[in-house]
Amino acid sequence: MSDAIEHDRDPARDSVLAAALADLDPEPPTDAVDWDRLERTVALRAREHLAGRSPGAAWWELVAAWARPAIPLGVAAGIVLFLVVLRLPARPAEPPEPLLLGDEVAESVYRGDPGLLLRAAFTSEDPIP
Amino acid sequence: VQRGDHAAFDALVQRHMRRGFSIAFRILGQREDAEDLVQDALLAALEAIDGFQPGKPFGPWFYRIVVNRAYNARKARARRATEEIPAETAASSPSPERNAERAELRRRLATAMESLSERQRLIVRLFELEGFTGAEIADILQVRAGTVRWDLHRARRILRDFLGEEHG
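Fair warning: this is a prediction, and the values are worked out from it, not measured in the lab.

1. Notes on the overall build of chain B
Move 1: When helices and strands are tallied, chain B shows 7 helices and 0 strands.
Move 2: Listing the helices and strands of chain B from first to last along the sequence gives α-α-α-α-α-α-α.
Move 3: Sorting the 168 residues of chain B into buried and exposed places 48% on the buried side.
Move 4: Sequence-distant contacts, at least 24 apart, represent 65% of the contacts inside chain B between residues at least 6 apart.
Move 5: Summed over its atoms, the accessible surface of chain B is roughly 8600 Å², and 47% of this surface lies on carbon and sulfur atoms.

Written as structure tokens, this is what we have:
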């Protein structure tokens, strides 16, 4: 077995040495321990201490509790908002160009006869001659 | 556990009490003392749980408490009485010669172990008998892994010299 030291990793376990040590040191008598009783005793002794540790939620615990669902909801809302903004027209709609009426139509309107104008509005006829 | 969760604490107890007991027994050599100590160490860990960093493994942190308390308990016990060293367990050897040979081997290995520092003894036991890695032992003893490997190397060389002399 190599006796050189390797600083960056553990050496292999030495079974001969382990056996000699095991013969010298009695094995921990884990079978003789009543683990259930030990566990109950510890739980009983710990109860009071644990109860003192949960005095109701402090404000930062409430914030922490709400933060968990609030963060994904906020992200989802942000995505929806982003999509809505993306669908909006890039520039505000320009005002419609003023309707230019032909002289004939304009004169008929001035005369108090909207017939030509109405006909132009309800047909495909261009009011601008 | 830091928020008083009983189930979480029970899970920690279940997971670590056996190994904690083994470590305590390796240092104290008595079952009842090791049982009491692991109980006290679990409660001490609970009381000090605010000092535990949640991202880190609980085991080494808890075993460190066990080791420190076991050393303190052993010192206190040594002050109370000059007893100590558990009686050699009755060996079921087939012959008186073999019995005598093993007894001599144990006596000489015990002498070799006594020549090691307390830390080296514990490192050898934790590594060879309890199966801890160098890094885990370093975490438990709060020293660097390189220091653990160096101590292990020196301790094993001393013990192997003894075993080689005995068997060579």
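2. Remarks on the pattern of salt bridges
Move 1: Counted according to the given criterion, the structure contains 13 salt bridges over all chains.
Move 2: Between D10 of chain A and R149 of chain B there is a salt bridge whose closest N-O contact spans 2.8 Å. In this pair, D10 of chain A sits in the segment before α1 (15-24) while R149 of chain B sits in helix α7 (residues 145-167), so the two residues belong to two different chains.
Move 3: Given the relative accessible area of 26%, D10 of chain A is considered partly exposed.
Move 4: Several salt bridges converge on common partners, so that one network encompasses E27 of chain A together with R26 and E130 of chain B.

3. Considerations on the interface of chain A and chain B
Move 1: Facing the 46 residues of chain A at the interface are 53 residues of chain B.
Move 2: Across the chain A/chain B interface, buried area totals approximately 4500 Å², and carbon plus sulfur atoms make up 63% of it.
Move 3: Taken together, the connections running from chain A to chain B amount to 7 salt bridges.
Move 4: The salt bridge involving D40 of chain B is made with R45 of chain A; its shortest N-O contact spans 3.2 Å.
Move 5: Applying the counting criterion to the chain A and chain B interface returns 15 residue pairs in polar contact (both at pLDDT 80 or more).
Move 6: Those elements giving two or more residues to the side of chain A that touches chain B turn out to be α1 and α2 (35-51) of chain A.
Move 7: Among the elements that take part in the side of chain A that touches chain B, α2 of chain A stands out by supplying 13 residues, more than any other.
Move 8: The residue inventory of the side of chain A that touches chain B, partitioned by class, reads 24 nonpolar, 6 polar and 16 charged.

4. Examining empty space enclosed by the protein
Residues and elements named next belong to chain B.
Move 1: Summed over all chains, the structure comprises 1 cavity of 30 Å³ or more.
Move 2: If you add up the space inside the largest cavity, you get close to 60 Å³.
Move 3: Looking at the largest cavity, the residues that line it are R26, I27, Y71, R74, E118, R121, L122 and R125.
Move 4: Elements with a minimum of two residues in the lining of the largest cavity: α1 (6-28), α3 (58-80) and α5 (118-129).
Move 5: Examining the composition of the lining of the largest cavity, we find that 4 residues originate from one element, α5, more than from any other.

5. Quick notes on the packing of aromatic side chains
Move 1: Using the criterion set out here, one finds 8 aromatic pairs over all chains in the structure.
Move 2: When the centroid spacing of 5.5 Å and the interplanar angle of 90° are considered together, the rings of W35 of chain A and F21 of chain B count as edge-to-face. On the criterion of chain membership, the pair formed by W35 of chain A in helix α2 and F21 of chain B in helix α1 is interchain, its members lying in two chains. Accessibility assignment for this pair places W35 of chain A and F21 of chain B in one class, buried.

Basis of the calculations
- Residues numbered from 1 in each chain as written.
- Chains lettered and ligands numbered in written order.
- Predicted model: local features only at pLDDT ≥ 70, side-chain atom pairs only at ≥ 80, totals over all residues.
- Heavy atoms only, no water.
- Helix = DSSP H or I, 4+ residues; strand = E, 2+ residues; numbered from the N terminus.
- Buried < 20%, exposed > 50% of the residue type's maximum accessible area, 1.4 Å probe, protein only.
- Contact = heavy atoms within 4.5 Å.
- Areas by Shrake-Rupley, 256 points an atom, 1.4 Å probe, with all protein chains shown as cover.
- Salt bridge = Lys/Arg side-chain N within 4 Å of Asp/Glu carboxyl O.
- Buried area = accessible area lost by both parts, 1.4 Å probe.
- Polar contact = N/O pair within 3.5 Å; in protein donor to acceptor, adjacent residues only side chain to side chain.
- Nonpolar A, V, L, I, M, F, W, Y, C, P; charged D, E, K, R; others polar.
- 1 Å grid on protein atoms, 1.4 Å probe; cavity = no way out; pocket = protein on both sides within 12 Å on 5 of 7 lines; lining within 4 Å.
- Points joined across faces, edges and corners; volume = space filled by probe spheres on them.
- Phe/Tyr/Trp six-rings, centres within 6.5 Å; stacked < 30°, edge-to-face > 60°.

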